[in-house]
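What the coordinates show
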Amino acid sequence: MDKVKNNKPLYCSNCGEEFPVEPFGEKLEQIIDFCSMQELKEELNILHKVEEMYLQYPESKSKMVPLWKLGSELVPTDEEIVKWTQGDKALAEFLLTKSFDLNARKRFVEKSLVDDESIEPLSCPQCSVGIVHFKDGRLREFEPKLSR
């Protein structure tokens, strides 16, 4: 935990100032919730793209899945990936690394966003214009862990 305390996992979207978590105290939960909701919004956007891709290219549904789930004969070619995703690398990475049921995941994300639509961002204490966010990948370190 000392390593986490000594670094700056937060930043301002406007001025770029970086922050450790300690000064935010109870406000840290608000930052976590807001960033989690932002990630869900991004995921919902990708899920809509997946849905559109499946409608336009039904053959992609069986091939655009995590590579560990495919036999070597089903691996999509680079050309297929570019065609189906229209060159969207984030969409391709999502499909080739995540296993999910599109309808179930979309329902879950939509419900989560409706349930938490009142979460407000926290303004930057430095510039008062930007919003405090976690740096890429750092949110996971601070989210509550599910019990096993």
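Residues numbered from 1 in each chain as written. Predicted model: local features only at pLDDT ≥ 70, side-chain atom pairs only at ≥ 80, totals over all residues. Heavy atoms only, no water.

1. Topic: the packing of aromatic side chains
Here is the rule we go by: For this analysis, a ring pair means two rings from Phe, Tyr or Trp (six-membered ring only for Trp) whose centres lie within 6.5 Å, classed as stacked if their planes differ by under 30 degrees, edge-to-face if by over 60, and tilted for the remaining angles. We call a residue buried when its accessible area falls under 20% of the maximum for its residue type, exposed when it is over 50%, and partly exposed in between, using a 1.4 Å probe and counting protein chains only.
Tallied over the full model, the rule gives three aromatic pairs. Seen in terms of ring centroids, Phe94 and Phe100 are 5.2 Å apart; in terms of plane orientation they differ by 50°. Their pairing is tilted. Under the relative-accessibility criterion, Phe94 is labelled buried at 9%. According to the relative accessible area criterion, Phe100 is partly exposed, its value standing at 24%.

2. A closer look at the nonpolar core
The criterion, for reference: Nonpolar cores were defined as sets of buried Ala, Val, Leu, Ile, Met, Phe, Trp, Tyr and Cys residues, with membership established by side-chain atoms within 4.5 Å. In this text, helices come from DSSP runs of H or I with a minimum length of four residues, and strands from runs of E with a minimum of two, each type numbered from the N-terminal end.
Counting residues in hydrophobic clusters, the biggest one holds 20 residues, and the most contacted among them are Val50, Met53, Met64 and Leu95. Per-element accounting of this core gives the leading share, eight residues, to helix 2 (residues 27-56). Listed in part, the 15 residues of the second largest apolar core include Leu10, Phe24, Val132 and Phe134.

3. Remarks on the packing of helix 2 against helix 5 (residues 89-97)
The condition that has to hold: Between N-to-C directions, angles span 0 to 180 degrees; the directions come from axes that are lines fitted to C-alpha atoms, helices contributing only their stretch in contact. Working definition: roughly parallel below 35 degrees, roughly antiparallel above 145 degrees, roughly perpendicular at 65 to 115 degrees, and oblique for all remaining angles. Any two residues having at least one pair of non-hydrogen atoms within 4.5 Å are treated as being in contact.
Look at helix 2 against helix 5: their axes get within 10 Å of each other, and the N-to-C directions meet at 85°. On the basis of their axis angle, the class for helix 2 and helix 5 is roughly perpendicular. Seen from helix 2, the contacting residues are Glu43, Ile46, Leu47, Lys49, Val50, Met53 and Tyr54; seen from helix 5, they are Ala90, Leu91, Phe94 and Leu95.

4. A look at unusual backbone geometry
Despite not being glycine, Gln86 shows a phi value in the positive range, around 55°. In this structure, Gln86 sits in the loop between helix 4 (78-85) and helix 5. For Ser128, which is not glycine, the phi torsion reads 65° and is therefore positive. By the element assignment, Ser128 lies in the loop between helix 6 (102-115) and strand 3 (132-134).

5. Overview of the side chain of Arg138
Inclusion rule: Pairs of N or O atoms are called polar contacts if they sit within 3.5 Å, as long as, within protein, a hydrogen donor faces a hydrogen acceptor (for residues adjacent in sequence, only side-chain-to-side-chain pairs).
Note that Arg138 resides in the segment after strand 3. Assessed through its relative accessible area of 16%, Arg138 is described here as buried. Separated by 3.2 Å, the side chains of Arg138 and Asn7 make a polar contact. A distance of 2.6 Å separates the side chain of Arg138 from the side chain of Glu141, its partner in a polar contact. The contact partners of Arg138, leaving out residues within four places of it in the chain, are Asn7 and Pro9.

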